[in-house]
Amino acid sequence: LRRAQEYISQQLGGDGSGKPVKFVFHGGSGSDVSDIQRAISYGVIKMNIDTDTQWSYWEGIKNFETKFHDYLQGQIGNPEGADKPNKKHYDPRECLRAAEANTVTRLEQAFSDLLCENIV
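All values reported here derive from a predicted model rather than from experimental measurement.

Draft legend 1. Spotlight on the side chain of Asn86. Topologically, Asn86 is positioned in the loop between strand S4 (81-85) and helix H4 (87-90). Side-chain polar atoms of Asn86 contact the backbone oxygen of Gly77, separated by 3.0 Å. Among the polar contacts made by the side chain of Asn86, one reaches the side chain of Asn78 at a distance of 2.6 Å. When sequence neighbours within four positions are dropped, the list of residues in contact with Asn86 reads Tyr71, Gly74, Gln75, Ile76, Gly77 and Asn78.

As structure tokens, then:
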């Protein structure tokens with residue numbers, strides 16, 4: 001990307017030091033943070049993070065199920081007692097809340113990785 005920017009800048013009459021092209025980083029999921037930040041330094045202005053956010057949402061649900069597995073086997077009965085209700089655990093809003101919280105954490109990491117915290 002750096003060499004492409006240099007070449008295009010020179011072809012446009014510049015000295016090769018500019019960044020005339022704004023790149024989009026497709027397929028960046030799983031990329032090393034140093035590679036992401038190097039790409040940004042070469043003119044990447046957008047990186048798609050849909051795969052990462054989809055996984056983080058699913059991971060929040062998966063972790064919720066793992067944590068509360070014994071409470072999600074029936075309406076009544078759990079490690080606290082055979083007659084104890086489980087409604088607060090199997091309420092779908094609870095696992096969705098866990099999914100959303102996990103996604104927020106992943107987005108905060110993406111903002112940091114993409115050097116776009118506190119810039120608006």
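Let's pick the thread back up.
Draft legend 2. Just the nonpolar core, in detail. Within the largest apolar cluster, nine residues are counted, these being Phe23, Phe25, Ile36, Ala39, Val44, Met47, Ile49, Ala110 and Leu114. Of all the secondary-structure elements, those providing two or more residues to this core are strand S1 (23-25), helix H2 (33-41) and strand S2 (44-47). Once residues lying within four places of it in the same chain are set aside, the contact partners of Ile49 are Leu107, Ala110 and Leu114.

Draft legend 3. Region of the structure containing the pattern of salt bridges. Tallying each qualifying case throughout the model produces five salt bridges. Here Arg2 ties to Glu6 by a salt bridge, and the two come within 3.2 Å at their closest N and O atoms. With Arg2 and Glu6 both in helix H1 (residues 2-11) and four residues apart, this pair spans about one turn of that helix. Residue Arg2 is classed as partly exposed on the basis of its relative accessible area of 40%. On the basis of relative accessible area, Glu6 is assigned to the partly exposed category, the value being 29%.

Definitions and limits used
- Residues numbered from 1 in each chain as written.
- Predicted model: local features only at pLDDT ≥ 70, side-chain atom pairs only at ≥ 80, totals over all residues.
- Heavy atoms only, no water.
- Helix = DSSP H or I, 4+ residues; strand = E, 2+ residues; numbered from the N terminus.
- Polar contact = N/O pair within 3.5 Å; in protein donor to acceptor, adjacent residues only side chain to side chain.
- Contact = heavy atoms within 4.5 Å.
- Core = buried A, V, L, I, M, F, W, Y, C linked by side-chain atoms within 4.5 Å.
- Buried < 20%, exposed > 50% of the residue type's maximum accessible area, 1.4 Å probe, protein only.
- Salt bridge = Lys/Arg side-chain N within 4 Å of Asp/Glu carboxyl O.

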